[in-house]
Every structure is written in structure tokens, then in C-alpha cells.
Amino acid sequence: IFGIDAKGRVNEWNNKAAEITGFSSKEVVGRDLVQDFITEEYHVSVKAVLDNALAGQEAANFEFPLYTKDKRRVEVLLNATTRRDVSGKVVGVIGVGQDITERKSAEEEKARVAQELQTFID
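Within each chain, residue numbers correspond to sequence positions counted from 1 in written order. Only residues with pLDDT of at least 70 get local features here, since the model is predicted, and only at 80 or more are side-chain atom pairs given and counted; chain-wide, interface and lining totals rely on the full set of residues. In computing side-chain values, all of the structure's heavy atoms are included and hydrogens and water are not.

(A) How the structure looks around the overall build of the protein chain. In DSSP terms, a helix is any run of H or I states spanning at least four residues, a strand is any run of E spanning at least two, and both are numbered starting from the N terminus. Tallying secondary structure elements over the protein chain gives five helices and five strands in all. Going from the N terminus to the C terminus, the protein chain shows its helices and strands as β-β-α-α-α-α-β-β-β-α. With respect to the three principal axes, the spread of C-alpha positions in the protein chain is 65 × 30 × 20 Å. Relative accessibility under 20% of the residue-type maximum defines a buried residue, over 50% an exposed one, and the middle range a partly exposed one, all with a 1.4 Å probe and only protein chains included. The burial tally for the protein chain puts 33% of its 122 residues in the buried class. Here the Shrake-Rupley method, with its probe set to 1.4 Å, supplies the accessible areas, and only the displayed protein chains count as covering residues. Roughly 7,800 Å² of accessible area belongs to the protein chain as shown, and the carbon and sulfur atoms make up 52% of that amount. For the purpose of charge, His is not counted, nor are the chain termini; Lys and Arg are scored as positive and Asp and Glu as negative. In plain terms, the charge of a residue is placed at NZ if it is Lys, CZ if Arg, CG if Asp and CD if Glu. Looking at charge distribution, the protein chain has the averaged site of its 17 positive side-chain charges lying 6 Å from that of its 21 negative ones.

Printed below as a string of C-alpha cells:
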């Protein structure tokens, strides 16, 4: 789980986010989430998802890769929810991400094996 403010700066970073990425809360809070932690080819799409959530249009099941502190690629499934204050004003976004790296790898292996079998049959 992570949170950003209305300007896209990290203001929440739970232990699981730290475990997945290798970045501690102290290392990320106050930094721009998209610019500093999202792979370059996904900057535009992840920023759009977060901007939409800031406008009240929440996103579910958005997949994107990010790189960990030790440069490993992690596949993430994200749900982005608008965060509001007590008066209803949008103040940020809460993101709930799930590491789906192993699932994606298994899907790719399954597709590869199916292709090999098809080649063998043909």
C-alpha cells in the first residue's frame, strides 16, 4: 500500500511496499512516485491512472512493471483509489498493489510450452 498527495509525492509507504521494492519509507516519502520509481516506458500510463484517481476516476487492475532498489523487475497489479479529506476534497490517492511477478512468469511459460507443443504437432 502506498499513498501520494495531490502533487504525486509519496506520503504513505507500508512495510509490504518496502519489502517488494527494497526502498524504505524514509527513502520514498516526499519523492515523486512516477518520476522516481516507475519504469520510464510506463511514466505516461501510470501518471494517467494516478491523475484520473485524483480527479475521482478510480482504477482497478492496472498492470505495470517497476524496478526495485536492486534493479529487479517486479510486475505489479494496481488499484488506485481517490483519497478525500473530511470535507470531501480530493487530497491524494491510495494505491493498493500486488506483486504478480510469479503469476506473469507462469503465464509466459505456459504460453511458451503451448507454442512448442503446437510446433511439434504441426
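(B) Local environment of the packing of aromatic side chains. For Phe, Tyr and Trp, rings pair up if their centres lie within 6.5 Å, where Trp contributes its six-membered ring, and each pair is then called stacked (planes under 30 degrees apart), edge-to-face (over 60) or tilted (otherwise). For the structure on display, the rule yields three aromatic pairs. Ring geometry for Trp13 and Phe37: centres 6.2 Å apart, planes at 40 degrees, overall tilted. Within this pair, whereas Trp13 is found in strand β2 (residues 10-13), its partner Phe37 is found in helix α3 (residues 33-37), the two being separated by 24 residues in sequence. The burial state of Trp13 is the same as that of Phe37; both residues are buried. Among the aromatic residues, those joined into a ring-pair cluster are Trp13, Phe23 and Phe37.

(C) Inspection of the sheet that holds strand β4 (residues 73-84) at higher detail. Between any two strands, pairing holds if DSSP finds at least two bridges. On the basis of which strands lie adjacent, the open sheet formed by five strands has the order β2-β1-β5-β4-β3 and antiparallel pairing. Two strands lie at the open edges of the sheet, namely β2 and β3 (59-67), each paired on one side alone. Between one strand axis and the next, the sheet turns through 30 degrees on average, direction left out of account. Pairing analysis gives four bridges linking strand β1 (residues 2-5) to strand β5 (residues 90-99), with the strands arranged antiparallel. Paired with Gly3 across the bridge in β5 is Ile94. Helix axes are fitted only over the stretch in contact, all axes being lines through C-alpha atoms; the angle between N-to-C directions runs from 0 to 180 degrees.

(D) A look at the environment of Asp51. On the secondary structure map, Asp51 appears in helix α4 (residues 43-54). According to the relative accessible area criterion, Asp51 is partly exposed, its value standing at 36%. Taking the C-alpha atoms as reference, Asp51 lies 14 Å from Val10; in sequence the two are 41 residues apart.

(E) Quick look at a nonpolar patch on the surface. For patch building, the residue pool is restricted to those with more than 30% relative accessible area and no salt bridge; the joining distance is 9 Å between like charges and 5 Å between nonpolar side chains (Val, Leu, Ile, Met, Phe, Trp, Tyr). Salt bridges are identified by distance alone: a Lys or Arg side-chain nitrogen within 4 Å of an Asp or Glu carboxyl oxygen. A cluster of nonpolar residues, Val113, Leu117, Phe120 and Ile121, forms a patch on the protein surface that exposes about 460 Å² of accessible area. Along the polypeptide, Phe120 turns up in helix α5 (residues 101-121). The class of Phe120 is exposed, set by a relative accessible area of 72%.

(F) Highlighting the side chain of Thr39. Relative to the elements of secondary structure, Thr39 occurs in the loop between α3 and α4. Thr39 sits in the buried class, given a relative accessible area of 4%. Any pair of nitrogen or oxygen atoms within 3.5 Å is treated as a polar contact; in protein, a donor-acceptor pairing is required on top of that, and neighbouring residues in sequence qualify only through side-chain atoms on both sides. A polar side-chain atom of Thr39 sits 3.3 Å from the main-chain carbonyl oxygen of Pro65. Residue contacts follow a heavy-atom distance rule, with two residues in contact if any of their heavy atoms lie within 4.5 Å. With near-sequence residues (within four places) excluded, Thr39 lies in contact with Pro65, Leu66 and Tyr67.

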